[in-house]
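Listed here are the chains, written in short residue letters.
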Amino acid sequence: MISLLLLLAILAACFSLYYVKSETPIYVWGYRNYWEKYWRFGELLAQHPYEALRDLRVSFRQRDYNASPIVPLVPFYFLFERSRAAYITLLTVLYLVPTVLLSTWYVRRTLNRHYRVDDKWLLFFGLYALCFPPYWQPTLRGYPDIVGMIPLLLAVIGTDHLSLATQQTARKMLSIGVLLWLCFLFRRWYAYSVVTFVVTLSLQALYDLYDIRKDHTALRQASVAVLINTQLLVLPIIALSLVFQHALLRRILDTDYADIYDAYQLDYLQHIINLYNYFGPLVLALAAVGASGVIFAPRLRRSIMFCTINAVMLFGIFVRTQKFYEQHYLPLGLWLYALSCIGFLLLATTLGKGLRQTMFVLISSTLLISSFLAVFVLKDARTVFWAPNHQSLPISYAQYSDYRRLVLDLDKLLAASIDKVSVFASSEIMSDSLLLAMSTDSQRAHIQSPSQVDKRDRLGLNAFQSRYALVAAPEQTHLRRGSQTVITIPAEQLLQQRGIGAAYIRLPDRYLLERGVTAYIYQKVR
């Protein structure tokens, strides 16, 4: 077991290092957010440890993006400092590898109750988890959200085949509640998974009550057990949230996220298309086969229903608020991984034992590895039609030299003054986040971040007080049309030299960016 863990860690670390070394070092928005938190907290801890601990406490209590996911990584900062490669490798080894092992353990534990999962299948399920793109995509992009999968998987394993309708120890139910709270602590959006998890357990308990409805004594005892177990499960979630995150909890209860995230919303059909593109036909087809086991594999019915209800409910309630981004797919990926493993096994059992089943496993392994390569390595993966249609190739900026020239020219304009530049663009091609990512700490003081999302940010006036403005043509946005007019209207007026733009002149240089986009610097003259 230790040898297997070491091998997984080495393979994962090697791929992470290869991936980061292949990138152009420009990281924007969420790709940079927690990486910067990691090294800034490390620097603060090294210089002012008491202040760092106070900041950590405030972070837990109040901030939407608290520092808890990077706390286990911080000791390694003193070895690797600001290294991006080290940060991504740490996420992979400390968070992704345990998630792979726990996912494999969960599937083996579930299937072992009804089928003999030998070493061949254990190795296959482990390979599948290791090559499962939804685990890698947010991790390689710098999101630490996969840390929440560790307590979630431990809670799932702890409740595997557990019924709230039977007497459980208080210690066990409270421990599972603590694990579910940890998911929420690490990243607040795990609240959706916590809710669906508790609701699914409750639905299974109701089914168990229905099953014994004619035995009134047993029904009464089981009903009391459901009530007590549910209270013990929910108690630590609520209590720990109130103790450690009361300010955040109050803000969550007072905020209509569906309204302020309206710009991040899609129509329901597009949500379905995104789901298909992200997971790909192979995983979804196998998950469908696994879900059909409710009919064809009655011995697995309880586990299949648990995974299926969680997956369907999680997708349904999340898309009511906003669209899924790659980090949000992690818990949904767990349920689809488990269902597709069941699908693999159900298909294999129809082939009987021996050579045909072994060939099936080998062919399936080839399909999984090729899917992984299609997502992360192959620039042209059209022939790998069974792979997800959502590539996460290493970040690349072919026009990097012009980006560097732009930053250097801004530095010449701003270095010896207190003037600022506002960036009226909001995409991965050009944004204030991109400019901040390429700037030194001293240069960042001169960058004014404007409002970006209409409903969330409103129109801020500080951006119009800067002496310089940076604009891209065509106008750059990253959300649905009409939701970022606080960016597009000023950008349009600057480019056309009318309205607000009449108060600026365009400086002579132009900068050729990605995908034919051109950037210009404007100077305010009145």
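All values reported here derive from a predicted model rather than from experimental measurement.

A.B. asks: Talk me through the packing of helix 13 (residues 268-291) against helix 16 (residues 329-349); I want residue IDs and the actual numbers.
C.D. replies: Between helix 13 and helix 16, the least distance of the axes is 6 Å, while the angle of their chain directions is 40 degrees. It follows that helix 13 is oblique to helix 16 by the angle criterion. Both helix 13 and helix 16 take part in a crossing whose hand is left-handed. Contact with helix 13, carried on its side by Asn274, Leu275, Tyr278, Phe279, Val283, Leu284, Leu286, Ala287, Val289, Gly290 and Ala291, involves Tyr329, Leu332, Gly333, Leu336, Leu339, Ser340, Ile342, Gly343, Phe344, Leu346 and Leu347 of helix 16 and no other residues of that element. Taken together, the residues of the contact of helix 13 with helix 16 break down into 17 nonpolar, five polar and no charged.

A.B. asks: Describe the nonpolar core, naming the residues involved and giving the relevant values.
C.D. replies: Residues Trp121, Tyr135, Leu180, Leu332 and Met430 are the most contacted members of the largest nonpolar core, which totals 143 residues. With 15 residues, the top contributor of residues to this core is helix 16. Here leucine 180 is in contact with Leu152, Ala155, Val194, Phe197, Val198, Leu233 and Ile237, once residues within four sequence places are set aside. Within the second largest apolar cluster, eleven residues are counted, among which are Val471, Leu494, Tyr504 and Tyr520.

A.B. asks: Residues and numbers for the environment of serine 426, please.
C.D. replies: The residue serine 426 is located in the loop between strand 1 (421-424) and helix 19 (432-438) in this model. Put simply, serine 426 and leucine 127 are 299 residues apart on the chain and 39 Å apart in space, counted from C-alpha to C-alpha. Those residues within four positions of serine 426 in sequence are excluded, and the remaining contacts are Trp29, Ser431, Gln452, Gln476, Thr477, His478, Gln484 and Ile487. Polar contacts involving the side chain of serine 426 include one to the side chain of glutamine 484, which spans 3.1 Å.

A.B. asks: Describe in detail the sheet that holds strand 4 (residues 504-512), supporting the description with residues and values.
C.D. replies: Ordered by their spatial adjacency, five strands build an open sheet running 2-1-3-5-4, and the pairing between neighbours is mixed. Edge positions in the open sheet fall to strand 2 (447-448) and strand 4, since each of these has one partner strand only. Most of the contacts of helix 22 (residues 485-496) go to strand 3 (residues 468-473), to which it runs at about 95 degrees, and overall it touches strand 1, strand 3, strand 4 and strand 5 (518-524).

A.B. asks: Tell me what's going on with the environment of tyrosine 31, and back it up with residues and numbers.
C.D. replies: Along the chain, tyrosine 31 falls in helix 2 (residues 30-47). The exposure class assigned to tyrosine 31 is buried, which follows from its relative accessible area of 12%. When the C-alpha atoms of tyrosine 31 and proline 75 are compared, they prove to be 21 Å apart, with 44 residues separating the residues in sequence. Once residues within four sequence positions are removed from consideration, tyrosine 31 is found in contact with Arg84, Arg141, Gly142, Tyr143, Glu326, Ile395 and Glu428. Of the polar contacts made by the side chain of tyrosine 31, one reaches the side chain of glutamate 428; its length is 3.5 Å.

A.B. asks: If you had to explain unusual backbone geometry to someone new, which residues and values would you point to?
C.D. replies: Across the junction of alanine 473 and proline 474, the peptide omega takes the value -5 degrees, indicating a cis bond. Its identity as a non-glycine residue notwithstanding, arginine 458 has a phi of 60 degrees, on the positive side. Structurally, arginine 458 is set in the loop between helix 21 (454-457) and strand 3. What makes arginine 458 exposed here is its relative accessible area of 55%. With a phi angle near 55 degrees, glutamine 497 is a residue other than glycine that sits in the positive phi range. Mapped onto the secondary structure, glutamine 497 falls in the loop between helix 22 and strand 4.

A.B. asks: Tell me about the side chain of glutamine 327, and name the residues and values.
C.D. replies: Note on placement: glutamine 327 falls in the loop between helix 15 (301-318) and helix 16. Excluding residues that lie within four positions of it along the chain, glutamine 327 makes contacts with Pro138, Tyr143, Asp145 and Trp189.

Conventions used here
Residues numbered from 1 in each chain as written. Predicted model: local features only at pLDDT ≥ 70, side-chain atom pairs only at ≥ 80, totals over all residues. Heavy atoms only, no water. Axes fitted to C-alpha atoms, helices over the stretch in contact; angles between N-to-C directions. Helix = DSSP H or I, 4+ residues; strand = E, 2+ residues; numbered from the N terminus. Parallel < 35°, antiparallel > 145°, perpendicular 65-115°, else oblique. Left-handed = near helix turned anticlockwise from the far one by under 90°. Contact = heavy atoms within 4.5 Å. Nonpolar A, V, L, I, M, F, W, Y, C, P; charged D, E, K, R; others polar. Core = buried A, V, L, I, M, F, W, Y, C linked by side-chain atoms within 4.5 Å. Buried < 20%, exposed > 50% of the residue type's maximum accessible area, 1.4 Å probe, protein only. Polar contact = N/O pair within 3.5 Å; in protein donor to acceptor, adjacent residues only side chain to side chain. Pairing = 2+ DSSP bridges.

None of this, on its own, says anything about what the molecule does.
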